[in-house]
Amino acid sequence: MPNPTEHIQYVVILQHKAKFSYLHMKYLFFSWLTVFVGSWIVYVEYSSYTELCRGHDCKNSICDKYSKGVIDGSACSSLCKKDTLYLGKCFTAKPNSQVYSGSWGDLEGVIKCQMEEAVAFNKPTKGTSVEKFREMILNHLKAKVGDQANLADLATQVLSITDANKDSHISLPEARSTWALLQLNEFLLALVLQDREHTPKLLGFCGDLYVMEKVPYSPLYGISLPWIIEVWIPAGLRRSMDQWFTPSWPHKAKISIGLLELVEDVFHGTFGSFLMCDVSATSFGYNDRHDLKVTDARYIVPEAIFQENIRQKRCDVDEDCLYGADCLTSCDLTKHRCTPEVTRPNLAKGCEALKDYILRGAPSDVKEELEKQLYACIALKGSAEQMEIEHSLILNNLKTLLWKKISHTKDS
C-alpha cells in the first residue's frame, strides 16, 4: 500500500513541474513577442528612413550635372570636389523635398534639395545675354508677385547672387542654377524678406540644392514621440505636452511678436502679398536672441499665383479647395470651381498657432486681455484686404500688449 506522505510529495513535485513549465512557456512567449515587435518596429523605421532620406541620391545627381558643366554655384566645389560640405542628420518629412543638417567648414547649416521632378536645367539657353537673362528674371518675378514698383531692385539682387564666384561675370551654368532656384517659393521668400531677418540667410547653392543658415531651435514648440506611444495619448494631453519644453514667457512673447511681424511683412509687403498656407509650429524656429525664423517656407506662396491656380481647381465641396494645411477657399457650386479668396487671413492662422504657446505661463495682469485679443484675432474671417482696418487694429493691439509687458526687461 502506497505511503500517503510519499503520494502527497509526488503530487507537489508534479505541481511544481507544471508551474515551472507554465512560467517557462510564458517567459518564452513574451520574449518572442518582444523580439518580434522590436524587429518589426526597427524594420518599419528603417524602411521609412530609406524611403524618405534620399539626400545622397540628390547629391549624386547634382554633382553629376556639375561635373558635366550644366550647373554651377557657390556650393558646388565644396559639395562635389573638396568634400567640405557634408550632409548630416536627415530631417526630411516628404521624399520630394530633402532636408539635412549640414556642415560647411566652420559653418553649420541646413541643406535642402528638390526631388519632386527632374529639373532639366536648360534655361537660359546658350547665347543668352546678361540683359536678356535680367529680362527673364523680371518677367518671372512679375508673374510671381505682380507688377511691383521695385522689381528691378529685386532682379539686381538675383543677378548678384547668380555671380557665385564674384568674378563680375555670370556663366551659363550659374544662370541655370539661379533660374531653377527662382522656381521655389522658399528661395523667393528668402529674397523678398532678406532685410527683415525672418528667414535664414542663404549660404550657398549648386543647381537647385541650397544651403541655409541653421536655426538653432526648431520647431517652435512641441516634442517628438514614437508613433507607437503617440496613438495612445489623448489630444488634449498631447497639446499640453507640446508646451512643456518652451522658453520663459518673456522670450515666448518676443518670439510671438516676431511671428506677428512676419504676418505684417508678407501682407502688402515690399514685393507684394503672400499667403501663409501652413502656419504650424514645425514651420518656424528661433535663434539664441529669440528672433523668429521661418524654417519651412514651401507653403508661403505669392497671393497672385495662389489665386490663379486655385481658380482652375474643380470642386464639389469647400474641402476640395484646400492648399497646404491652412489656405481654404469656398467652392462655387454653379461652376464647380474654387473661388480665389481665402476664408481666413494669415493673422487668424498665426494667432491660432500662438494661442496655447503664449497663454501658458502668461503673467496674471495680462493673461485675460491677451486671451481676449487672441480669440478676437482667431475669429477673423475673409481676406485681409476685405477687413484691412480691423486686421491692422488687432495686429497692433497684440504687438503693443506684448511689447509693453517685456520692454522693461533684458529679454526684449
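Just so you know, these numbers come straight off a predicted model, no measurement behind them.

Thresholds applied
Think of each chain on its own: its residues are numbered from 1, step by step along the sequence as written. Under the rules for a predicted model, residues below a pLDDT of 70 receive no local features and side-chain atom pairs below 80 are neither given nor counted, while totals for whole chains, interfaces and linings still include all residues. To get the side-chain values, take all heavy atoms of the structure and skip hydrogens and water. Segments assigned H or I by DSSP are reported as helices when at least four residues long, segments assigned E as strands when at least two residues long, and all are numbered from the N terminus. By nonpolar core is meant a set of buried Ala, Val, Leu, Ile, Met, Phe, Trp, Tyr and Cys residues that side-chain atoms within 4.5 Å join together. The classification of residues rests on relative accessible area computed with a 1.4 Å probe and restricted to protein chains. Under 20% of the type maximum is buried, over 50% is exposed, and intermediate values are partly exposed. In what follows, a contact means two residues having at least one pair of non-hydrogen atoms within 4.5 Å. Two strands qualify as a pair provided that DSSP identifies no fewer than 2 bridges between them. Only the stretch in contact is used when fitting a helix axis, every axis being a line fitted to C-alpha atoms; angles between N-to-C directions are given from 0 to 180 degrees. Here a Phe, Tyr or Trp ring, Trp counted by its six-membered ring, pairs with any other such ring whose centre lies within 6.5 Å, and the pair is stacked when the planes are under 30 degrees apart, edge-to-face when over 60, and tilted otherwise. Placement of a positive charge over a ring is assigned whenever Lys NZ or Arg CZ falls within 6 Å of the ring centre and within 35 degrees of the normal to the ring plane. Pairs of cysteine sulfur atoms within 2.5 Å are what we label disulfides. Here a salt bridge means any side-chain nitrogen of Lys or Arg lying within 4 Å of a carboxyl oxygen belonging to Asp or Glu. The cut-offs work like this: below 35 degrees is roughly parallel, past 145 is roughly antiparallel, 65 to 115 is roughly perpendicular, and the gaps in between are oblique. Note on convention: near helix rotated counterclockwise from far helix by under a right angle means a left-handed crossing. Clockwise means right-handed. In this classification, Asp, Glu, Lys and Arg are treated as charged, Ala, Val, Leu, Ile, Met, Phe, Trp, Tyr, Cys and Pro as nonpolar, and every other residue, Gly included, as polar.

K.L.:
How would you summarise unusual backbone geometry if you had to cite specific residues and measurements?
P.N.:
Apart from glycine, the bulk of residues carry a negative phi angle, and the bulk of peptide bonds sit in the trans form. The linkage connecting Lys 123 with the following residue, Pro 124, adopts the cis geometry, with an omega of -5°. Structurally, Pro 124 is set in the loop between strand 3 (107-114) and helix 4 (130-145). Note that the residue after Ser 218, namely Pro 219, is joined by a cis bond; omega there is 5°. Even without a glycine there, the phi angle at Ser 168 is positive, about 60°.

K.L.:
Please give an account of the nonpolar core that cites residues and values.
P.N.:
Membership of the largest hydrophobic core comes to 71 residues, with the highest contact counts inside it found for Leu 220, Trp 249, Leu 262, Met 276, Phe 284, Leu 347 and Leu 370. With nine residues, helix 10 (residues 249-266) is the largest single contributor of residues to this core. Setting aside residues up to four positions removed in sequence, Leu 370 forms contacts with Trp 249, Ile 358, Leu 359, Ala 362, Leu 398, Leu 401 and Leu 402. Cys 53, Ile 62, Ile 111 and Val 211 belong to the second-largest nonpolar core, a separate cluster that totals 21 residues.

K.L.:
How would you summarise the sheet that holds strand 1 (residues 85-90) if you had to cite specific residues and measurements?
P.N.:
Pairing in this open sheet of five strands is antiparallel, and the strands run 1-2-3-5-4 from one edge to the other. Edge positions in the sheet fall to strand 1 and strand 4 (202-206), since each of these pairs with one other strand and no more. Going from strand to strand, the sheet's axes swing by 30° on average, the running direction of each strand aside. Here four bridges tie strand 1 to strand 2 (residues 97-104), and the two strands are oriented antiparallel to one another. In the strand pairing of strand 2, Cys 90 is matched with Tyr 100.

K.L.:
So, helix 6 (residues 172-181): which residues are in play, and what are the values?
P.N.:
Burial within helix 6 is extensive, with nine of its 10 residues counted as buried. Inspection of helix 6 places Pro 173, Glu 174, Ala 175, Arg 176, Ser 177, Thr 178, Trp 179, Ala 180 and Leu 181 among the buried residues, and these make up the whole buried set. Looking at the packing, one finds that the buried side of helix 6 touches helix 4, helix 5 (151-162), helix 7 (185-192), strand 4 and strand 5 (209-213).

K.L.:
How would you explain the packing of aromatic side chains if you had to name every residue and give the values?
P.N.:
All chains considered together, the criterion is met by five aromatic pairs. A centroid spacing of 5.0 Å and a plane angle of 20° characterise the contact between Tyr 217 and Tyr 286, whose relative ring orientation is stacked. A residue pair is termed long-range when its members are at least 10 positions apart, and Tyr 217 in the loop between strand 5 and helix 8 (227-230) and Tyr 286 in strand 7 (residues 284-286) qualify at 69 residues. For Tyr 217, a relative accessible area of 37% gives the class partly exposed. By relative accessible area, which is 10% here, Tyr 286 ends up buried. Pairing Phe 306 with Tyr 323 gives two aromatic rings, centres 6.3 Å apart and planes at 65°, and the pair type is edge-to-face. With Phe 306 in helix 11 (residues 303-311) and Tyr 323 in strand 10 (residues 322-323), the pair connects residues that are 17 residues apart, well separated along the chain. Classification of Phe 306 as buried rests on a relative accessible area of 5%. Here a set of aromatic residues connected by ring pairs shows up, and it is made of Tyr 299, Phe 306 and Tyr 323. A cation over a ring is seen here: Lys 252 above Tyr 357, with NZ or CZ 5.4 Å from the ring centre.

K.L.:
Quick one: what's the story with the state of the cysteines, residue by residue and with numbers?
P.N.:
Evaluated as defined, the whole model comprises eight disulfides. Disulfide pairing places Cys 53 opposite Cys 90 at an S-S distance of 2.0 Å. One disulfide, between Cys 53 and Cys 90, carries an S-S torsion of -85° and so falls in the left-handed class. Of this pair, Cys 53 sits in the loop between helix 1 (4-52) and helix 2 (55-67) while Cys 90 sits in strand 1, and the two are 37 residues apart along the sequence. Here Cys 53 and Cys 90 have matching classes, each one buried.

K.L.:
Talk me through the pattern of salt bridges; I want residue IDs and the actual numbers.
P.N.:
For the structure shown, the criterion picks out 12 salt bridges. Arg 289 is paired through a salt bridge with Asp 291; the nearest N and O atoms lie 3.1 Å apart. Through salt bridges with shared partners, one network takes in Lys 254, Arg 289 and Asp 291.

K.L.:
Talk me through the packing of helix 4 against helix 5; I want residue IDs and the actual numbers.
P.N.:
At their nearest, the axes of helix 4 and helix 5 sit 9 Å apart, and the two run at 125° to each other. Here helix 5 runs oblique to helix 4, going by the angle between their axes. When you trace helix 4 past helix 5, the crossing you get is right-handed. For the pair formed by helix 4 and helix 5, the contact residues are Phe 133, Arg 134, Ile 137, Leu 138, Leu 141, Lys 142 and Val 145 on the first element and Leu 151, Ala 152, Leu 154, Ala 155, Thr 156, Val 158, Leu 159 and Thr 162 on the second. The class makeup of the residues in the contact of helix 4 with helix 5 is 11 nonpolar, two polar and two charged.

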